[in-house]
Amino acid sequence: MTSKNSIIEVKGLAKEFNRVPAVRGISFDVYEGEICGLLGPNGAGKTTTIQMILDLITPTAGTIKIFGKEMKGNREEILGAMNFSSPYVALPGNLTAWENLATFARLYGVLDIKGTIHSLADFFDIRALLPKMTSSLSTGQLTRLNLTKALLNSPKLLLLDEPTSSLDPDIADRTRKMLVKIRNERKVTMLYTSHNMEEVEEICDRVVFLQKGIVKDFGTPNELIAKYGRKDLNDVFLAIAREHGIDKED
Amino acid sequence: MKLHRIKGLMMRHLYLYKRSVPRLMDIFYWPVMELLLWGFISSFIEKMNLGGFNAVTVLIGAVIFWDLMSQSQRAVSVAFLEEVWERNFLNIFVTPLRVSEFLASTFILAAVRVILVGSVMSVLALVFYHFNLLTFGFALIPFVANLLIFGSVLGIFTTAIILRYGTSAQVLAFGFLMLLEPFTAVFYPVSALPVAIQWISYTMPSTYVFEGMREVIATGEFSYPLFWGAVGTNIIYAVVIIWFFSRMFAYVKRNGKLLKLD
């Protein structure tokens, strides 16, 4: 591990699908306790990168170390200490919220299933929803249920794929505050994807910009705004996505 | 393998069974209907007095055994399809769950289904047709165990095909055994098949079980050669199909298809 204590170390990571490159030898680190945004336009390679980190896709080349270890030979230990949440990956709708949480608590080997679920359900204010069918929950309730699932194993690393998309501004704001609270109270490192640059600016300590499968730039939101001479991260995003950034100016 | 993870996945499916009428029908209603249908046919054939052929015993025994194998195969395939239908693969495979634990949980589910269906069918067969499954005595357990294993292994095979080709291949989960039924000598002896294809029959563990079942009915004796034939072919199928499944799983991971199974 580096002196900054990398939780995720990605080196030369590449992925091709039928000889078409989706990710082209990217390298970046995510440090302990930070919320790191993984940004980029559609097709930049964010989802493929996250799925490789989650061991759902086998890389064509490169290495991924999580907690200083490669997935091969350490899968159980690594996945047991991390979790994932995305509004696009719903929990089974034909189970109740409680049944879903109890199932995942068992898969993660949680010892006090009832106590853990109740404590997290109180944190996310979904206790009354536990007996309800998951398919009957609203989008905001599902997001909170997903986040509850994501914290069942007290993860040290959380991968969040657009956690506030399709939420109204009020619920999205509450969710962001909740995530910051989780990071502060539980010291959870987060890798965060979002297309909402305002939110990224608000909660991410650092961002990594992907464009066409390569790391186009990285730094704190303020560093990047200053570097590109833009007024906010949204403009930086547009500059990079439209390739009017450093490359052209250079 | 960790038991808590196997239990977690099993519970996930048992939660579904407790409130789903179609799933319960799949376990109880259809097997009972099949038993009734074949029971009536057997009674009719027996009334024709075909020179010592004990139609009720042979056909009802075959129907029950065939249904147990079919339940075992479907339990494995449908447990997998549940995750496809609910798009739950990402959620379960980002946990520390191993593929072997996933398969083990489906195998135990299959065993539970086989025990449930076997119990219901044997009680009904006894009540309606005076057919006592316990007639097979000691032979019952190894016969059923071999069918359970072969059914589950075929379930893993259909699962591997669905993994590779997506849900367009899901019909195999429900109809694959029909492809084998004519060749595995369920209702007639292998000798009734054309000589040229009898060897196909002997490549399947279920053939040895059905031949063994008929032997017990005819002679009252348990045939060890047939039993070991079932065990041997089962081992070969299990090794080859689990290898095939692991290759297909690696293929979908390499091609990013694990989350696009639709």
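Our subject is the structure that appears above.
Rules used in this analysis
- Residues numbered from 1 in each chain as written.
- Chains lettered and ligands numbered in written order.
- Predicted model: local features only at pLDDT ≥ 70, side-chain atom pairs only at ≥ 80, totals over all residues.
- Helix = DSSP H or I, 4+ residues; strand = E, 2+ residues; numbered from the N terminus.
- Rg over C-alpha atoms; globule rule 2.2 N^0.38 Å.
- Buried ≥ 20, exposed ≤ 12 C-beta atoms within 10 Å, placed from the backbone.
- Contact = placed C-beta atoms within 7 Å.
- Axes fitted to C-alpha atoms, helices over the stretch in contact; angles between N-to-C directions.
- Parallel < 35°, antiparallel > 145°, perpendicular 65-115°, else oblique.
- Left-handed = near helix turned anticlockwise from the far one by under 90°.
- Nonpolar A, V, L, I, M, F, W, Y, C, P; charged D, E, K, R; others polar.
- Core = buried A, V, L, I, M, F, W, Y, C linked by C-beta atoms within 7 Å.
- Pairing = 2+ DSSP bridges.

Visitor: Would you mind showing me how to read the overall build of chain A here?
Guide: In terms of helices and strands, chain A carries ten helices and ten strands. Compactness check: chain A gives a C-alpha radius of gyration of 18 Å against a globular reference of 18 Å for 250 residues, within 12% of the reference. Taken along its principal axes, the extent of the C-alpha atoms in chain A is 60 × 45 × 40 Å. Going through the 250 residues of chain A one by one, you find that 47% of them count as buried. Relative to all contacts within chain A whose residues are 6 or more apart in sequence, the contacts with residues 24 or more apart total 66%.

Visitor: What is the right way to look at the overall build of chain B in this model?
Guide: In terms of helices and strands, chain B carries ten helices and zero strands. If you list the helices and strands of chain B from N to C, you get α-α-α-α-α-α-α-α-α-α. Relative to its length of 262 residues, chain B is compact, with a C-alpha radius of gyration of 19 Å against a globular reference of 18 Å. Overall size of chain B, expressed as C-alpha extent along the three principal axes, is 60 × 40 × 30 Å.

Visitor: Is there a simple way to think about the packing of helix 8 (residues 221–228) of chain A against helix 9 (residues 233–241) of chain A in this case?
Guide: How two helices pack is summed up by the angle between their axes together with the distance between the axes. Residues and elements named next belong to chain A. Running from amino to carboxyl end, helix 8 crosses helix 9 at an angle of 60°, the nearest separation of the two axes being 9 Å. Viewed along their axes, helix 8 and helix 9 adopt a mutual orientation that is oblique. Handedness of the crossing formed by helix 8 with helix 9: left-handed. For the pair helix 8 and helix 9, contact is made by P221, L224, I225 and Y228 and by L233, V236 and A239, respectively. When grouped by side-chain class, the residues that make up the contact of helix 8 with helix 9 number seven nonpolar, no polar and no charged.

Visitor: So what exactly am I meant to see when it comes to the interface of chain B and chain A here?
Guide: Buried accessible area, meaning the area lost when the parts come together, often serves as the stated size of an interface. Every contact between the two is made by 26 residues of chain B and, on the other side, 26 residues of chain A. Mapped onto the side of chain B that touches chain A, the elements with two or more residues apiece are helix 1 (3–19), helix 4 (89–93) and helix 10 (224–254) of chain B. Looking at which element gives the most residues to the side of chain B that touches chain A, the answer is helix 1 of chain B, with eight residues. When its residues are assigned to classes, the side of chain B that touches chain A shows eleven nonpolar, seven polar and eight charged.

Visitor: Got a minute to help me understand the environment of K212 of chain A in this structure?
Guide: Residues and elements named next belong to chain A. With respect to the secondary-structure elements, K212 resides in the loop between strand 9 (206–211) and strand 10 (214–219). Residue K212 is classed as partly exposed on the basis of its C-beta count, with 16 C-beta atoms lying within 10 Å. K212 sits 191 residues away from P21 along the chain, and the two C-alpha atoms are 8.8 Å apart.

Visitor: I'm lost on the nonpolar core in this one. Help?
Guide: Where a protein is soluble and globular, its nonpolar side chains tend to be buried together. C36, M190 and V208 of chain A together with I60, F65, L68 and L147 of chain B are the most contacted members of the largest nonpolar core, which totals 136 residues. The element best represented in this core is helix 3 (residues 55–85) of chain B, accounting for 16 residues. Those residues in contact with L68 of chain B that sit more than four places away from it in its chain are V114, V117, G118, V144, L147 and L148 of chain B.

Visitor: What is the right way to read the sheet that holds strand 5 (residues 69–70) of chain A from this model?
Guide: Note on sheets: strands pair through backbone hydrogen bonds, and any given pair is parallel or antiparallel. All names here are of chain A. Pairing is antiparallel in the open sheet, where four strands are placed in the order 2-1-4-5. Two strands close off the open sheet at either side, each with one partner strand: strand 2 (20–31) and strand 5. Looking at chain direction, strand 1 (residues 6–17) and strand 4 (residues 61–66) are connected through five bridges and run antiparallel. Among the inter-strand pairings, A14 is bridged to a residue of strand 4, identified as A61. Contacts from helix 1 (residues 46–53) reach strand 1, strand 2 and strand 4, with the element oriented near 120° to strand 1.

Visitor: Looking at this structure, how should I read the pairing of strand 1 of chain A?
Guide: Each regular strand carries side chains that alternate between the two faces of the sheet. All names here are of chain A. Pairing of strand 1 with strand 2 involves nine bridges; the strand directions are antiparallel. Each residue of the ladder has a partner; that of L13, found in strand 2, is I26. Hairpin geometry of strand 1 and strand 2 is characterised by an intervening segment of two residues between the two adjacent antiparallel strands and by a positive phi of about 50° at N18.

Visitor: Just to check I follow, could you spell out the sheet that holds strand 3 (residues 35–39) of chain A for this structure?
Guide: Residues and elements named next belong to chain A. On the basis of which strands lie adjacent, the open sheet formed by six strands has the order 6-7-8-3-9-10 and mixed pairing. Two strands close off the open sheet at either side, each with one partner strand: strand 6 (82–85) and strand 10. Strand after strand, the sheet turns through a mean of 15° between neighbouring axes, direction not considered. Lying over the sheet, helix 1 contacts strand 3, strand 7 (157–161), strand 8 (189–193) and strand 9, oriented at roughly 150° with respect to strand 7.

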